[in-house]
Amino acid sequence: MKKTLWFLTLALGLGAAQAADVGTLLRDADRYRAGTEQQIDTQVEVLNADGSVEKERRYTVLSQPGHRSLVLMQSPAEKGQKVLMLGDDFWLLMPGSQRPMRITPTQKLLGDASTGDFATLSWAEDYEGELLGEERCGEAACLHLSLKARRKSVSYQRIELWIGKQRHEPLRAELYVQSEKLAKQASFVLDKAQSMVLEMALQDALSNKKLTHVRYLARKPRQVPEGWFNPMFLARSPNLE
Amino acid sequence: MKTAIPSSLLALALLAGSAHAELTGQLRGQWQERSAATLGPLAAANSLQAGTAPQAGSGALLDAELRASAGPLTAALSLQHSRLSGPPRSSAALQELYLSGEALGWQFSAGRKLVAWDVGYAFRPNDVVAQEERRTLLSNMPRGRPLLQAEYFSAETAWSLVWVNPAPRQDAHFGDEQALALRVYQRRGALDLHGFARLGAHTHESLGAAAAWVASDSVELHASWHYARRNEGWRSRNDTAALLPASPWQIEALGRRQQALLGASWTGENRLSLMAEAWWDGNALSAAQWRDWASRNTGLRAIASQLPAPLQVAAAGNLGWQAQAFGNSSLRRRNVFVRLAWDHEAWQPALDLLYTPEDGGRIVTASLAWTGNRWRIDAGLRSWGGPAASVIAQLPQRRLAYLASSWSF
């Protein structure tokens, strides 16, 4: 009996230690892309299968703790459009309108804002997972993590993530939608100092085989007033500095 | 209006030229092909006396929408030049010009500004400050109203108090009067709740409530209700079939009126979306009032057939006045709207229907849009129809086809 209790305690302790390790690894990996309390400018370029540019969009994302993001569309075709994400609740303001509208999780997932949101979401906050082990990523050793979404409304319900063994920088990922289909394969390009992700490439694996490049144009720490994340504030213009 | 063009442009140029200014806009060219209805009082008036009620014809329109902001100041200007079956016309309008600021945790705005609050798509009785256009073929910059606004936002609640048209206006109708309006918003998870109150100089008190609820991953439900103790609408003071020296149609103060809307939208993973709305508009003419209207139309046509040609102009004018019945917030009290749309990469085909169950009238619109990085192409066809006795079938237009190309900067 004593042996069984000792074994259970050890197993639970190991499990907790591994969970803590995964949390640390994800926080480390998050630091290469974005963090909470940030203002991030991204450029999204979608290429057709033949390499031609289908569309180019720019977003400013204000990201705050507690799964709160405000995506401001900056491209000429969408200027004035805003998407507010508060956990699993979403609102959209169309250009020229003063009426923030409730949208469903499906509408949010299908919209272009999801790409901007994915570029800034926190893996540590939005996913839990396990360390599957050490693998080879090209020449280097890497760690393979299998992540499961904590919330149903994040764009990808499962992420297989490979990060560097030493510095825990993101290297590549496989993104799965709710139906367990592989939706996109992601790869990450770091800047010269190897301190931040400069670009993320998302290869569509489902139907259209399109390639999406997400470039991080600017990042800066930014705390914004609580009222900015009130859905009715969408009708006002936040000061982006 | 012509003198407004240089001053409006000057205001915008001054704004755009200042440091940290931001200028955005859209240039659009479009072609419209219209066909007039052969039914209804205007068609009858024009057949008796050509040109009694001139209607917008086919032709080209060029328009520009410019928006500039610098610091606390925002301005929005629209310019239009049209050649629609007549002499060319140009117009300019400063749609918005306001200052915004923050003090003591409150947000303030002062100037001409658009403020719209309701949750519906095809009908919005609680847009009690100003109305954005509904069921538009192409997006248009709406015109704001002079106002002073104070707003407070916490994480879950928002208060908005608006003094609209602070300068008293005696001849103001349909909400363009001096008024105080209040909106309270409360977020409760997947549910948005809105409460509205308005005190108008002519229309006195009105109350409203609205809600939007995300019921599942794909379904959203919304509802809106508005009650006015005194409202305004077009009503006829004389339904007899006699020729009158002046229009019997006047804007009158109506008694207690209610308006209510129920709506739902569904979006599938295949990017197909369906929206359905049904509403009751107590401001619209009743079935009995429309019967009287139709009876007077028939009587006027009968009188005209017995008059010598030179006197038929009087009958034509009387028939033309009958079109003022179309000026209320809805044509019929019961209305249904359905819209089916598909978002397929850069293409957005859509089909929508406005149906009036009381008389079977319908407006059907088919549209196709393509959106690029800066360019957008829109094309579509709207058709007004239904049984000959339905109100919609007697509107001045029968069909409208359009093709537009927009460039954004």
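About the criteria used
Residues numbered from 1 in each chain as written. Chains lettered and ligands numbered in written order. Predicted model: local features only at pLDDT ≥ 70, side-chain atom pairs only at ≥ 80, totals over all residues. Helix = DSSP H or I, 4+ residues; strand = E, 2+ residues; numbered from the N terminus. Buried ≥ 20, exposed ≤ 12 C-beta atoms within 10 Å, placed from the backbone. Contact = placed C-beta atoms within 7 Å. Rg over C-alpha atoms; globule rule 2.2 N^0.38 Å. Axes fitted to C-alpha atoms, helices over the stretch in contact; angles between N-to-C directions. Parallel < 35°, antiparallel > 145°, perpendicular 65-115°, else oblique. Nonpolar A, V, L, I, M, F, W, Y, C, P; charged D, E, K, R; others polar. Pairing = 2+ DSSP bridges. pLDDT = per-residue confidence, 0-100. Core = buried A, V, L, I, M, F, W, Y, C linked by C-beta atoms within 7 Å. Left-handed = near helix turned anticlockwise from the far one by under 90°.

### Considering the overall build of chain A
Right, on to step 1. A tally of helices and strands in chain A yields four helices and 13 strands.
Right, on to step 2. When each of the 241 residues of chain A is scored for burial, the buried share is 40%.
Right, on to step 3. Across chain A, the fraction of contacts at a sequence separation of at least 24, relative to all contacts at a separation of at least 6, is 44%.

### Quick word on the overall build of chain B
Right, on to step 1. In terms of regular secondary structure, chain B is built from four helices and 20 strands.
Right, on to step 2. Expected size for 409 residues packed as a compact globule is a radius of gyration near 22 Å; at 23 Å, chain B falls within 12% of this value.
Right, on to step 3. If you line up chain B on its principal axes, its C-alpha atoms span 70 × 50 × 45 Å.
Right, on to step 4. Classification of the 409 residues of chain B by burial places 35% in the buried group.
Right, on to step 5. Taking the intrachain contacts of chain B between residues at least 6 apart in sequence as the baseline, contacts between residues at least 24 apart amount to 57%.

### Here we look at the packing of helix H3 (residues 287–306) of chain B against helix H4 (residues 312–321) of chain B
All names here are of chain B.
Right, on to step 1. Axis separation between H3 and H4 bottoms out at 9 Å; the angle between their running directions is 170°. Comparing their axes, H4 and H3 come out roughly antiparallel. Listed contacts from H4 to Asn297, Leu300, Ile303 and Ala304 of H3 are Gln312, Ala315, Asn318 and Leu319.
Right, on to step 2. A class-by-class count of the residues in the contact of H3 with H4 yields five nonpolar, three polar and no charged.

### Details of the pairing of strand S3 (residues 68–73) of chain A
All names here are of chain A.
Right, on to step 1. Of all the six residues making up S3, five are buried; the element is thus mostly covered by neighbouring parts of the structure.
Right, on to step 2. Bridge count between strand S2 (residues 53–64) and S3: six bridges; the pairing is antiparallel. Its bridge partner being in S3, Val61 is matched across the sheet by Val71.
Right, on to step 3. As defined by bridge partners, S3 adjoins strand S4 (residues 82–86) across five bridges and the pair is classed as antiparallel. Looking at S4, one finds that Leu70 is bridged to Leu84.

### Let's talk about the confidence of the model for chain A
Residue and element names in this part refer to chain A.
Right, on to step 1. For chain A, per-residue confidence averages 85 on the pLDDT scale, and residues scoring 70 or more make up 87% of the total.
Right, on to step 2. Put simply, helix H1 (residues 2–31) is where chain A has its lowest mean pLDDT, 63, and strand S9 (residues 158–164) is where it has its highest, 96.
Right, on to step 3. Long-range and interchain partners of residues 7–17, a stretch whose pLDDT sits below 50, account for zero contacts in this model, where long-range means more than four residues apart.

### Details of helix H2 (residues 40–48) of chain B
Residues and elements named next belong to chain B.
Right, on to step 1. Of all nine residues making up H2, seven are buried, and the element is well covered by its neighbours.
Right, on to step 2. Within H2, burial applies to Gly40, Pro41, Leu42, Ala44, Ala45, Asn46 and Leu48.
Right, on to step 3. Tucked into the core, H2 has its buried residues touching H3 and H4.

### A short note on the environment of Ala130 of chain B
Residue and element names in this part refer to chain B.
Right, on to step 1. Within the secondary structure layout, Ala130 lies in the loop between strand S5 (106–113) and strand S6 (145–153).
Right, on to step 2. Given 22 C-beta atoms within a 10 Å radius, Ala130 is considered buried.
Right, on to step 3. For the pair formed by Ala130 and Leu261, sequence separation is 131 residues and the distance between their alpha carbons is 18 Å.
Right, on to step 4. In contact with Ala130, not counting residues within four places along its chain, are Leu114, Val115, Ala116, Gly144 and Arg145.

### Side note on the nonpolar core
Right, on to step 1. In this structure, Leu84, Trp91, Ile159, Leu161 and Ile163 of chain A are the most contacted members of the largest nonpolar core, which totals 56 residues.
Right, on to step 2. Among the nonpolar cores identified, the runner-up in size contains 22 residues, and Ala284, Leu285, Phe337 and Trp384 of chain B belong to it.

### Structural notes on the environment of Gly138 of chain A
All names here are of chain A.
Right, on to step 1. In this structure, Gly138 sits in the loop between strand S7 (127–137) and strand S8 (140–149).
Right, on to step 2. On the basis of neighbour counts, which here come to 8 C-beta atoms within 10 Å, the residue Gly138 falls in the exposed class.
Right, on to step 3. With 20 residues separating them in the primary sequence, Gly138 and Arg158 have C-alpha atoms 23 Å apart.

### Points about the pairing of strand S13 (residues 211–221) of chain A
Residue and element names in this part refer to chain A.
Right, on to step 1. In this sheet, S13 lies alongside strand S1 (residues 38–47) in antiparallel orientation, the contact comprising ten bridges. Note that in S13 the partner of Leu47 across the bridge is Leu211.
Right, on to step 2. Pairing between strand S12 (residues 197–204) and S13: five bridges, direction antiparallel. Counted as the bridge partner of Leu202 is Thr212 from S13.

### Considering the environment of Ala304 of chain B
Residue and element names in this part refer to chain B.
Right, on to step 1. Tracing the sequence through the fold places Ala304 in helix H3.
Right, on to step 2. Once the C-alpha coordinates of Ala304 and Gln397 are considered, the two residues, 93 residues apart in sequence, prove to be 23 Å apart.
Right, on to step 3. Dropping the residues within four chain positions of it, Ala304 is found in contact with Leu48, Gln312 and Ala315.

### Points about H4 of chain B
Right, on to step 1. Among all positions in H4 of chain B, only Ala315, Ala316, Gly317, Asn318 and Leu319 of chain B are buried.
Right, on to step 2. Where H4 of chain B is buried, its residues contact H2 and H3 of chain B.

### Observations concerning unusual backbone geometry
Right, on to step 1. The phi dihedral of His168 of chain A falls on the positive side, at around 65°, and the residue is not glycine.
Right, on to step 2. Mapping His168 of chain A onto the fold places it in the loop between S9 and strand S10 (170–176).
Right, on to step 3. A count of 20 C-beta atoms within 10 Å places His168 of chain A in the buried class.
Right, on to step 4. One non-glycine residue with positive phi stands out, namely Arg271 of chain B, at about 70°.
Right, on to step 5. Here Arg271 of chain B lies in the loop between strand S14 (257–267) and strand S15 (272–281).

### Here we look at the packing of H2 of chain B against H4 of chain B
All names here are of chain B.
Right, on to step 1. At a closest axis distance of 8 Å, the pairing of H2 and H4 adopts a crossing angle of 160°. Classified by the angle between their axes, H2 and H4 sit roughly antiparallel to one another. Regarding H2 and H4, the two cross each other, and that crossing is left-handed. Residue-level inspection shows Pro41, Leu42, Ala44, Ala45 and Leu48 of H2 in contact with H4, the latter providing Gln312, Ala315, Ala316, Leu319 and Gly320.
Right, on to step 2. Across the contact of H2 with H4, the residue classes tally to eight nonpolar, two polar and no charged.

### Things to note about the interface of chain A and chain B
How big an interface is tends to be stated in terms of the accessible area lost upon association of its parts.
Right, on to step 1. The partner chain B presents 38 residues to the 26 residues of chain A that form the contact.
Right, on to step 2. A total of four residues in the side of chain A that touches chain B trace back to one element, the largest contributor, which is helix H2 (residues 105–110) of chain A.
Right, on to step 3. Each residue belonging to the side of chain A that touches chain B can be placed in one class, and the counts come to eight nonpolar, ten polar and eight charged.

### Some thoughts on the confidence of the model for chain B
One rule of thumb: low pLDDT means the predicted coordinates there are not for detailed reading.
Right, on to step 1. Across chain B, the average pLDDT comes to 91, with 95% of residues at or above 70.
Right, on to step 2. Across the interface, the model reports ipTM at 0.89; the global pTM reads 0.88.

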